[in-house]
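Fold and contact review
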Amino acid sequence: MSSKRSRNRKSANVHEAYFEAMNAMFEQAKAYFGSAVKSFWFHEGVICPACLKNEIGNVNFKGKEALGLNAFMYRKRGVLIGYFLCDICTNYIHAQSQVNPYKQTALHTDIERNLEEAYLKHLSSLN
Ligand SMILES: [Zn+2]
């Protein structure tokens, strides 16, 4: 039963590292969006917010394992939302960005809708 405990500890460390990264991203976003950015929130679910099927996972990036931190600015609430994707969605978005560097994909629309829902659910869970 220690496997669950060590997994939780590992995930706590990962969250700590990404909290730092998220903080840095938040500072950048404040510089870019100004007072429109009021806070940030990290999507902690293990299921990919793009496909809602696969678990978020490591991505093989240039031969190295990486966990890519992404962020989306939920303008209506002034919240910068950080999230991870599964490797399939990450690779898809990466491939699309090679073809159309500045174009949003339909998957981004799904991600944003799902993250907004998750964020609102998170807010209502605080009540
Ligand atoms: Zn996915």
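Worth saying up front: this structure is predicted, and the values here are computed from it rather than measured.

Some points on the overall build of the protein
Helix and strand counts for the protein come out as 3 helices and 5 strands. Starting at the N terminus, the α and β elements of the protein follow one another as α-β-β-β-β-β-α-α. Across the 127 residues that make up the protein, the buried fraction comes to 15%. The contacts of the protein with a sequence gap of at least 6 include a subset with a gap of at least 24, amounting to 67%.

Things to note about the pairing of strand S4 (residues 70-74)
Two elements, S4 and strand S5 (residues 79-83), share 5 bridges in a ladder whose sense is antiparallel. Residue pairing across strands places Tyr74 opposite Val79, the latter belonging to S5. The hairpin turn running from S4 into S5, its antiparallel successor, is 4 residues long, and Gly78 in that turn takes a positive phi close to 65 degrees.

Some remarks on the sheet that holds strand S1 (residues 39-42)
Taken together, the 3 strands give an open sheet; going across it, the order is S1-S5-S4, and neighbouring strands pair in mixed fashion. Of all the strands in the sheet, just S1 and S4 have a single pairing partner and so form its edges. On average, each strand axis in the sheet is tilted by 25 degrees relative to the strand beside it, whichever way the strands run. Across the sheet, helix H3 (residues 106-125) is in contact with S1, S4 and S5; its angle to S4 comes to roughly 75 degrees.

Focus on the nonpolar core
Within the largest apolar cluster, 15 residues are counted, with the highest numbers of intra-cluster contacts made by Cys48, Ala50, Ile56, Leu85, Cys86 and Cys89. At the level of secondary structure, the elements contributing two or more residues to this core comprise S5 and H3. Examining the composition of this core, we find that 3 residues originate from one element, S5, more than from any other.

Digging into unusual backbone geometry
You will see that Leu52, though not glycine, has its phi angle at about 55 degrees, which is positive. Among the secondary structure elements, Leu52 is positioned in the loop between S1 and strand S2 (59-61).

Details of the confidence of the model for the protein
Detailed reading of the predicted coordinates is not advisable wherever pLDDT is low. A residue-level look at the protein finds 82% of positions with pLDDT of 70 or above and a mean pLDDT of 83. Mean pLDDT across the secondary structure elements of the protein bottoms out at S2, with 63, and peaks at H3, with 95.

Quick word on the environment of Gly45
Mapping Gly45 onto the fold places it in the loop between S1 and S2. Gly45 gets classed as partly exposed once you count the C-beta atoms within 10 Å, which come to 15. With 73 residues separating them in the primary sequence, Gly45 and Ala118 have C-alpha atoms 9.0 Å apart.

Thresholds, definitions, all that
Residues numbered from 1 in each chain as written. Predicted model: local features only at pLDDT ≥ 70, side-chain atom pairs only at ≥ 80, totals over all residues. Helix = DSSP H or I, 4+ residues; strand = E, 2+ residues; numbered from the N terminus. Buried ≥ 20, exposed ≤ 12 C-beta atoms within 10 Å, placed from the backbone. Contact = placed C-beta atoms within 7 Å. Pairing = 2+ DSSP bridges. Axes fitted to C-alpha atoms, helices over the stretch in contact; angles between N-to-C directions. Core = buried A, V, L, I, M, F, W, Y, C linked by C-beta atoms within 7 Å. pLDDT = per-residue confidence, 0-100.

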